[in-house]
Number of protein chains: 2
Amino acid sequence: MAEHERSILVVGSLAFDDVETPFGHARNVLGGATAYFCLAASLFAPVRLVSVVGEDFPDEHVQLLAARRVDLEGLQRRPGRTFRWTGRYRHDMNVAETLATELNVFADFHPRLPDSYRSSPYVFLANIDPDLQLEVLEQVESPTLVGVDSMNYWIARKPERVRDVLRRVDVITLNDAEVRQLCDTPNIFAAGRQLLELGPRAVVVKKGEHGAAAITRDGIIVVPAYPLEVVYDPTGAGDSFAGALFGYLSQGAGYSQEALRRALVHACVVASFTVEEFGVSRLAGLTRAEVDQRRELFRGFVAFADEPVAARLDTAPSAV
Amino acid sequence: MAEHERSILVVGSLAFDDVETPFGHARNVLGGATAYFCLAASLFAPVRLVSVVGEDFPDEHVQLLAARRVDLEGLQRRPGRTFRWTGRYRHDMNVAETLATELNVFADFHPRLPDSYRSSPYVFLANIDPDLQLEVLEQVESPTLVGVDSMNYWIARKPERVRDVLRRVDVITLNDAEVRQLCDTPNIFAAGRQLLELGPRAVVVKKGEHGAAAITRDGIIVVPAYPLEVVYDPTGAGDSFAGALFGYLSQGAGYSQEALRRALVHACVVASFTVEEFGVSRLAGLTRAEVDQRRELFRGFVAFADEPVAARLDTAPSAV
């Protein structure tokens, strides 16, 4: 399979982040959904980025992405300042508190795909205005697999547009709170089943420190989070999860329930690295070998041992 | 192995529960930690109960337990009324809100073990005053495996006595909030490691709809919850989890990391049945065959597929 046959197009934000967690503070660091997505996905496949930055976006960030073979032809550079997010995590690191959002150049962003991107077989619509996500879908030519993320902001303000997008994709990735909000039910499996009716092949629910689940027509997949003793900064966990998910899926001979299962495991593993350091620090230096090594450790933590012939109350007890 | 060589002694409460959830209301139903524990454990092994009830405790509840081969010689019947718990679960079914607790005959309870119980190889101290848990430990003769549960009430009021108990047991089962409270850290794996220093073989953390984890000197085990679309009443999930855990462990040729892993899976499966109906309704009719059948479904949801030779960026991509 040629490289371009597994290229992943991602469209969404690049940003400067100011993040505070119980473990410290990161100011003015590279952020935005696509930064995390690109670094994660590029462990598995070539990535093409469509995003926008301002004049203040430093070359070092561009070079970091370029060094990971991220195609930056679709990166727009505009007069003005780059999107900036200021957030905080307190004791419960599952919940990000947004302190400030400065859209800056992102306010007028319209995704424009370079001609070379239009035939990308894998397309991921990171969390942006659903109207912009639809603009992207107008510009791509029969992709193999399309994924989408969204957030509470759009689900509250443009629920019908969000649903319009969901109807046109193969894989929905949302966190558990977003799924509950969108479907107005507390149960993620019931919600997932409801979203399947919109047409996607898989609803992937990200549950932070509790792992992930997928609901498909073929059944359910549940994957716990990789156990970590310290989480320094949850920022980007979900975006790097999605990057690894799509990265893994793009490598294979095709989408299947088993491929999705393996992709989910890799997504949980990559996300576990992301949160071990602030911002993209850990992800930027991560290698595929480290991912594979942790995946094998993870397998040991999760493995369902084969069941021995069990002692039953109704039969003679036997040694197990 | 003779039946008595795998008998499980459990000490704790029997109660009347009044429970309200978003799905309905159960009034005056059989409750208390040991009701759930006994019904779950007795799927795997004979159980011996030490508890106390009042004159209002109906024969039908006694008969329900007796029919499951629960030895009731240690059940005290006292003048007065049975312990009563009134609680409510709202939208977030992970959190029980206690509306009223009437200790009644439980206020003066002191566990007294019949002579026939003292050599029980498996002992489980359900959630009661840690001073009473210590009284039980004074009355047993060199058990094979001792487990304990506790709750936020005792951890807040008698933290040192709780720790005294934890020093004398093999398996600690607590929910995630209790572990965090006891260790003053938000991370359950760090907390588990801290509790291991008190001496137990395993710290089992119950995470409700997110499953369970065990921290031992041999490593970590993580098990997601069995995926359910509807949870009617979470009451007793943790107690039936503990019952199945000890029931499973009592069957085997001995405690090991692998036995613990399989026991955790069975514990999650049994708890998943418990919450599908109000009170003990589902558990009371549950069979071992149903447990085994759901365990196999669960295996399919969780299984880590073997990793195929993966396409790498640094090697020629290959079909997966």
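Preceding block: the structure.
Bear in mind the structure is a predicted one, so any value in this text is a computation, not a measurement.

Conventions we followed
Residues numbered from 1 in each chain as written. Chains lettered and ligands numbered in written order. Predicted model: local features only at pLDDT ≥ 70, side-chain atom pairs only at ≥ 80, totals over all residues. Heavy atoms only, no water. 1 Å grid on protein atoms, 1.4 Å probe; cavity = no way out; pocket = protein on both sides within 12 Å on 5 of 7 lines; lining within 4 Å. Points joined across faces, edges and corners; volume = space filled by probe spheres on them. Nonpolar A, V, L, I, M, F, W, Y, C, P; charged D, E, K, R; others polar. Helix = DSSP H or I, 4+ residues; strand = E, 2+ residues; numbered from the N terminus. Expected span 1.5 Å × (residues − 1). Buried < 20%, exposed > 50% of the residue type's maximum accessible area, 1.4 Å probe, protein only. Arc of directions from axis to C-beta. Contact = heavy atoms within 4.5 Å. Pairing = 2+ DSSP bridges. Axes fitted to C-alpha atoms, helices over the stretch in contact; angles between N-to-C directions.

### Quick notes on the layout of surface pockets
Then comes step 1: The computed volume of the second largest pocket comes to approximately 220 Å³.
Then comes step 2: Around the second largest pocket, the lining comprises 16 residues; the ones closest to its centre are R193(A), I220(A), P227(B), L228(B) and E229(B).
Then comes step 3: Residue classes in the lining of the second largest pocket are distributed as ten nonpolar, two polar and four charged.

### A word on helix 11 (residues 288–302) of chain A
Then comes step 1: Between its first and last C-alpha, helix 11 of chain A extends 21 Å over 15 residues, near the 21 Å set by a 1.5 Å rise per residue.
Then comes step 2: Within helix 11 of chain A, the full set of buried residues consists of R288(A), V291(A), D292(A), R294(A), R295(A), F298(A), R299(A), F301(A) and V302(A). Buried residues of helix 11 of chain A fall within an arc of 165 degrees about the axis and therefore sit on the same side. The outward face of helix 11 of chain A, more than 90 degrees from its buried face, is lined by the exposed residues A289(A) and Q293(A).
Then comes step 3: Residues of helix 11 of chain A that are buried sit in contact with strand 13 (219–223), helix 8 (237–251) and helix 9 (257–274) of chain A together with strand 13 (219–223), helix 9 (257–274) and helix 11 (288–302) of chain B.

### Some words on the pairing of strand 11 (residues 202–206) of chain A
Residues and elements named next belong to chain A.
Then comes step 1: Of all five residues making up strand 11, five are buried, and the element is well covered by its neighbours.
Then comes step 2: What you see with strand 11 is no split at all: A202, V204 and K206 on one side and V203 and V205 on the other are buried throughout.
Then comes step 3: Inspection of the sheet shows strand 11 paired to strand 12 (residues 212–216) by five bridges, in the antiparallel sense. Bridge pairing in strand 12 places V204 opposite A214.
Then comes step 4: What sits between strand 11 and strand 12 in their antiparallel hairpin is a turn of five residues, with G208 showing a positive phi close to 60 degrees.

### A word on unusual backbone geometry
Then comes step 1: For R69(B), which is not glycine, the phi torsion reads 65 degrees and is therefore positive.
Then comes step 2: If you trace the backbone, R69(B) turns up in the loop between helix 2 (59–67) and strand 5 (70–77).

### Let's talk about the sheet that holds strand 2 (residues 15–21) of chain B
Residue and element names in this part refer to chain B.
Then comes step 1: Read across the sheet, four strands follow the order 3-2-6-7 without closing on themselves; strand pairing throughout is mixed. The outermost strands of the open sheet, each flanked by one partner alone, are strand 3 (24–31) and strand 7 (96–102). Pairwise comparison of adjacent strand axes, ignoring direction, gives a mean angle of 15 degrees for this sheet.
Then comes step 2: Strand direction decides the pairing type here: strand 6 (residues 84–89) and strand 7, joined by six bridges, are antiparallel. Opposite Y89, over in strand 7, you have A96 as the bridge partner.

### Regarding the sheet that holds strand 8 (residues 122–125) of chain A
Residues and elements named next belong to chain A.
Then comes step 1: Reading across the sheet, the nine strands line up as 5-4-1-8-9-10-11-12-13 and stay open at both edges, with mixed pairing between neighbours. Each edge of the open sheet carries a strand with a single partner, namely strand 5 (70–77) and strand 13. Averaged over all pairs of adjacent strands, the angle between strand axes in this sheet comes to 15 degrees, irrespective of strand direction.
Then comes step 2: Here five bridges tie strand 10 (residues 171–175) to strand 11, and the two strands are oriented parallel to one another. Across the sheet, residue V171 finds its bridge partner in strand 11, namely A202.
Then comes step 3: Of the strands in this sheet, strand 1 (8–11), strand 8 and strand 9 (145–149) are in contact with helix 3 (residues 130–139), which crosses strand 8 at around 165 degrees.
Then comes step 4: Taken strand by strand, helix 9 contacts strand 11, strand 12 and strand 13, and its axis lies near 20 degrees from that of strand 13.

Worth remembering: the numbers are spatial, not functional.
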